[in-house]
Amino acid sequence: MEVLKVVLTSLLSAAALFIIAKIMGHKQMSQLDFFDYITGITIGSIAAELATELEEPLKPLIAMIVYGIIAVSLSVLTRKLPKTRKFINGTPTIIMNNGKLYRKNMKKAKLDLSEFMVLCRQEGYFDLSEIQTAIFEYNGRLTVLPVSNKRPINPEDMNLSPQPAHIFTEVIMDGRILEDNLKRMGLDYKWIQAQLKSQGFRSAKEVFLGVCDENKQLSLYKAE
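Residues numbered from 1 in each chain as written. Predicted model: local features only at pLDDT ≥ 70, side-chain atom pairs only at ≥ 80, totals over all residues. Heavy atoms only, no water.

K.L.:
Before we go on, may I ask you to explain a nonpolar patch on the surface in this structure?
P.N.:
A contiguous nonpolar patch, built from Leu-58, Ile-62, Val-66 and Ile-70 and spanning about 340 Å² of accessible area, is present on the exposed surface. Among the secondary structure elements, Leu-58 is positioned in helix H3 (residues 58-80). (Patch = residues over 30% accessible without salt bridge, like charges linked within 9 Å, V, L, I, M, F, W, Y side chains within 5 Å. Areas by Shrake-Rupley, 256 points an atom, 1.4 Å probe, with all protein chains shown as cover. Salt bridge = Lys/Arg side-chain N within 4 Å of Asp/Glu carboxyl O. Helix = DSSP H or I, 4+ residues; strand = E, 2+ residues; numbered from the N terminus.)

Below you can see the structure in the form of structure tokens.
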């Protein structure tokens with residue numbers, strides 16, 4: 001009888017874990033941010049406890065459901081209120097740009113030089129002179145923009161001198177204009193409204209993502 005109870009609670013644990021993971025989405029299986037990492041570990045620990053809890057299996061099951069609800073709620077919150085993403089997920093940090101390493105930014109990202117070098121090598125860059133910009137993302141990955149003459153060749157580059165690459169800044173996300181990013185680029189609300197109109201959009205609500213480069217070239221993308 002005792003063995004049957006263990007089998008049944010284990011099946012209940014596996015089923016609950018599967019359902020919660022499906023509700024939370026595939027993000028749990030990809031690159032995790034800080035909160036997703038903590039939530040995943042906690043739910044896994046509770047699921048293990050549920051598998052062997054024969055007396056009161058309802059308690060760990062409720063705890064799993066509560067953690068799942070918290071994770072989904074925060075996901076909705078960060079989607080509806082983009083400004084909360086900085087607090088919950090953190091923000092990307094520029095570690096290197098145009099041959100300069102930013103010590104303060106590395107300290108902010110809790111990243112030392114040796115760890116930075118490891119991340120560069122993992123991305124295939126053993127020579128730092130090949131890197132124009134390196135950004136430490138909030139999920140712990142390093143994103144690298146190579147210098148122009150180190151980019152993979154494509155048909156557009158044939159018989160042409162590569163043009164300097166630029167970092168794009170998000171100015172519209174999920175239909176919302178990011179005014180702080182606009183201000184940092186020296187732009188304003190009136191400018192982006194004119195750009196939206198010129199590209200056939202009635203308002204920012206029709207745009208899923210809008211990015212702008214240093215030359216004030218705006219690229220707009222609809223949600224498919």
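K.L.:
Could you clarify how one ought to interpret the nonpolar core in this entry?
P.N.:
Across soluble globular proteins, nonpolar side chains show a tendency to be buried alongside one another. Counting 15 residues, the largest nonpolar core has Val-171, Ile-172 and Ile-192 as the members making the most contacts within it. Residues contacting Ile-192, with those up to four places away along its chain left out, are Val-171, Ile-172, Ile-177, Leu-182 and Leu-218. The next biggest cluster of nonpolar side chains, apart from the first, holds 14 residues, and it includes Met-106, Ala-109, Leu-111 and Leu-142. (Core = buried A, V, L, I, M, F, W, Y, C linked by side-chain atoms within 4.5 Å. Buried < 20%, exposed > 50% of the residue type's maximum accessible area, 1.4 Å probe, protein only. Contact = heavy atoms within 4.5 Å.)

K.L.:
Where do I start with the sheet that holds strand E6 (residues 176-177) in this structure?
P.N.:
Pairing between sheet strands relies on hydrogen bonds along the backbone, with the strands arranged either parallel or antiparallel. If you walk across this open sheet you meet the four strands as E6-E5-E7-E8, and the pairing is antiparallel. Two strands close off the open sheet at either side, each with one partner strand: E6 and strand E8 (218-221). Bridge analysis of strand E7 (residues 209-212) against E8 gives four bridges, and the strand direction is antiparallel. Note on E8: the bridge partner recorded for Gly-210 is Leu-220. (Pairing = 2+ DSSP bridges.)

K.L.:
Hey, could you run me through helix H6 (residues 113-122) in this one?
P.N.:
The complete set of buried residues in H6 reads Phe-116, Leu-119 and Cys-120. One side of H6 holds all its buried residues, which, seen down the axis, span an arc of 100 degrees. Where H6 is buried, its residues meet strand E1 (93-97), strand E2 (100-101), helix H5 (103-108), strand E3 (131-136) and strand E4 (142-146). (Arc of directions from axis to C-beta.)

K.L.:
Even after reading the chapter, I still don't get the sheet that holds E4, so can you show me in this structure?
P.N.:
The strand order across the open sheet built from four strands is E2-E1-E3-E4, with neighbouring strands paired in antiparallel fashion. The outermost strands of the open sheet, each flanked by one partner alone, are E2 and E4. As defined by bridge partners, E1 adjoins E3 across four bridges and the pair is classed as antiparallel. Following the sheet pairing, Ile-94 is matched in E3 by Ile-135.

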